[in-house]
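# Examining the three-dimensional arrangement
Residues per chain are reported as follows:
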Amino acid sequence: MSMLNEGAVSAALKSVQDPELGKSLADLRMIDQIRIAPPGTVTVKIDLPTHAYPRREKLAETIRQAVQSKLPEAQTVNVEFSIKTKGKDSGGALGLHVKNVIAVGSGKGGVGKSTIAASIAYGLTLLGAKVGLLDADVYGPSIPHMMGVNQRPEIQEKVGSNGQKINRIQPIEKDGLKIMSMGFLVPPEQAVVWRGPMLHQALTQFLKDTEWGELDYMIIDMPPGTGDVSLTLSQLLGLAGAVVVCTPQQVALLDAVKAISMFRTVKIPVLGIVENMSGEIFGRGGAQRKATEMGLPFLGEVPIDGSLCVNGDAGRIKDNFAEGSPARAALLSICENVAMQVVRELASGPAMPTLEIL
Ligand code: ADP
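About the criteria used
Residues numbered from 1 in each chain as written. Predicted model: local features only at pLDDT ≥ 70, side-chain atom pairs only at ≥ 80, totals over all residues. Heavy atoms only, no water. Near = heavy atom within 4 Å. Polar contact = N/O pair within 3.5 Å; in protein donor to acceptor, adjacent residues only side chain to side chain. Helix = DSSP H or I, 4+ residues; strand = E, 2+ residues; numbered from the N terminus. Domains from an automatic or database assignment. Contact = heavy atoms within 4.5 Å. Buried area = accessible area lost by both parts, 1.4 Å probe. Salt bridge = Lys/Arg side-chain N within 4 Å of Asp/Glu carboxyl O. Nonpolar A, V, L, I, M, F, W, Y, C, P; charged D, E, K, R; others polar. Pairing = 2+ DSSP bridges. Axes fitted to C-alpha atoms, helices over the stretch in contact; angles between N-to-C directions. Buried < 20%, exposed > 50% of the residue type's maximum accessible area, 1.4 Å probe, protein only. Lys, Arg positive; Asp, Glu negative; His and termini not counted. Core = buried A, V, L, I, M, F, W, Y, C linked by side-chain atoms within 4.5 Å.

## A closer look at the site of the ligand
The immediate surroundings of the ligand are formed by 16 residues, with Gly 110, Lys 113, Ser 114, Thr 115 and Asn 276 found nearest. Within the backbone of Ser 114, a nitrogen or oxygen atom sits 2.8 Å from an oxygen atom of the ligand. The separation between a nitrogen atom of the ligand and a polar main-chain atom of Pro 303 is 2.9 Å. Elements supplying a minimum of two residues to the shell around the ligand: α3 (113-126), β12 (270-278), β13 (298-303) and α10 (306-313). Sorting elements by how many residues they give to the shell around the ligand places α3 first, with three residues.

In structure tokens:
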């Protein structure tokens, strides 16, 4: 009798490690189904934890080899992938259906934080994820401009479950993203005088009253430096983590260290550092050294290039991802690194959550 059955394949895969995550496929709950049909042909269905999972072929090859080395009767091994985004699903208390909320912060303004936040959001939609982009940078809300959004969100009156009328804000949909900006509510000249409690209330409403729908990721462009918004977010949601953006110079790195310590103080895990504007003007490599020194992942570097400035000004962040853009490869790799770091953070906890929203 042939030894080739589902149990044998499952046993052959038991200790196989995911090459990207360094944990077993079983622990990561990535094996969805094993089928043997026709005889001699094995199909393994794998759930990837994020649309941004890189180098799928390497994982497929690892699985093929593991099965065929232990079960020579398996003449053909097919590996099929589907995606089930893993996340903390922490928006329940606010009524949000968002798997992962990721903050993008910096120690000071002008380092390209909004550019990187918008790029991570857009890049993740390019990879197939459902993404929302929330501009919480009340002091300089530049997301609408960068995304080429010039209309205001509509507010609709709806009837809540208790029969009461409630206002729901429709986010602006652009380039596959759902976008909201606190700048829609806060006149720019008032923003500077906003204090913690007002910010807290506005941000809470913003998160609650917007029709975000079901999202794999919500990317939040944070105000630079201050801890107010981070504290609010940390109290309202269990964030997947924060990405810290800085430029390569020593002084900018010192600001980044402050941002990192601010996130740590409010208990938001730091996913890693992105170096923006690397190149001849500011140098390069400083952020990577700082990340190593601080025991944090380095998520990638984006070159300084006039086209990023032009695209941001023209409301065409998506052009940074066009074939031939000097930033395309770097930005896509940052999206992968951020999403995979989120999965690593989750996997380093007691067990991967099994809750599924979608
Ligand atoms: P922040 O959010 O940190 O204040 P922005 O994202 O608004 O920074 O970027 C500041 C300016 O720098 C913008 O004009 C933007 O287009 C430009 N910029 C951002 N990243 C780059 C880059 N890698 N190369 C060239 N210009 C950039």
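## Overview of the domain arrangement of the protein chain
The domain architecture assigned to the protein chain consists of domain 1 (7-83) and domain 2 (92-347). Each of domain 1 and domain 2 has a C-alpha centre, and the two are 34 Å apart. Listed by partner, the interface residues are ten residues for domain 1 and 13 residues for domain 2. Of the roughly 950 Å² buried where domain 1 meets domain 2, counting both sides, 68% is carbon and sulfur surface. There are zero salt bridges connecting domain 1 and domain 2. Class assignment for the residues of the side of domain 1 that touches domain 2 results in six nonpolar, two polar and two charged.

## Describing the sheet that holds β12
Taken together, eight strands build an open sheet; the order of strands is β8-β9-β5-β10-β4-β11-β12-β13 and the sheet is mixed. Each edge of the sheet is formed by a strand with only one pairing partner; in this case those strands are β8 (172-174) and β13. Across the sheet, the mean angle separating the axes of adjacent strands is 25° when strand polarity is ignored. Taken together, the seven bridges between strand β4 (residues 97-105) and strand β10 (residues 214-221) define a ladder with parallel strand orientation. Bridging from a neighbouring strand, Val 104 pairs with Asp 221 of β10. Seen against the sheet, helix α8 (residues 250-265) touches β4, β11 (241-246) and β12 and runs at an angle of roughly 170° to β11.

## Observations regarding the side chain of Asp 135
On the secondary structure map, Asp 135 appears in strand β5 (residues 131-135). Among buried charged residues, Asp 135 stands out as having no salt bridge; its nearest opposite-charge side chain is Lys 113, 6.3 Å away. Within the structure, the side chain of Asp 135 is placed 3.0 Å from the side chain of Ser 181, a separation counted as a polar contact. Setting aside residues no more than four positions away along its own chain, Asp 135 makes contact with Pro 141, Ser 142, Ile 143, Pro 144, Met 180, Ser 181, Met 182 and Asp 221.

## Quick word on the sheet that holds strand β3 (residues 76-83)
By definition, the strands of a sheet pair up through backbone hydrogen bonds, in either a parallel or an antiparallel sense. Taken in spatial order, the three strands make up an open sheet running β1-β2-β3, and their pairing is mixed. Where the open sheet ends on each side, the last strands, each with one partner, are β1 (31-36) and β3. On average, each strand axis in the sheet is inclined to that of its neighbour by 15°, with strand direction left out of account. With five bridges connecting them, β1 and strand β2 (residues 41-48) associate as antiparallel partners.

## What about the side chain of Ser 114?
Examined against the element boundaries, Ser 114 turns out to sit in helix α3. On the accessibility criterion, Ser 114 (7% relative accessible area) is buried. Here Ser 114 is in contact with Asp 137, Ser 142, Ile 143, Met 146 and Asp 221, once residues within four sequence places are set aside.

## Here we look at the environment of Phe 81
On the secondary structure map, Phe 81 appears in strand β3. Once the C-alpha coordinates of Phe 81 and Ile 31 are considered, the two residues, 50 residues apart in sequence, prove to be 9.7 Å apart. The contact partners of Phe 81, leaving out residues within four places of it in the chain, are Ile 46, Leu 48, Arg 56, Leu 59 and Ala 60.

## Some points on the nonpolar core
Leu 124, Leu 207 and Ile 219 are the most contacted members of the largest nonpolar core, which has 85 residues in total. Among the elements that take part in this core, helix α11 (residues 328-347) stands out by supplying eight residues, more than any other. Ile 219 has contacts with Ile 102, Val 104, Ala 117, Ile 120, Ala 121, Leu 124, Val 131, Gly 132, Leu 133 and Leu 134, leaving out every residue within four places of it along the chain. Leu 4, Ala 8, Val 44 and Tyr 53 belong to the second largest nonpolar core, which has 28 residues in total.

## Brief notes about the pairing of strand β9 (residues 177-181)
Within β9, five of the five residues are buried, which leaves it mostly tucked inside the rest of the structure. As paired elements, β8 and β9 share three bridges and run antiparallel to each other. Looking at β9, one finds that Lys 174 is bridged to Leu 177. Between β8 and β9, which pair antiparallel and follow one another directly, the connecting turn spans two residues, one of which, Asp 175, has a positive phi of 50°.

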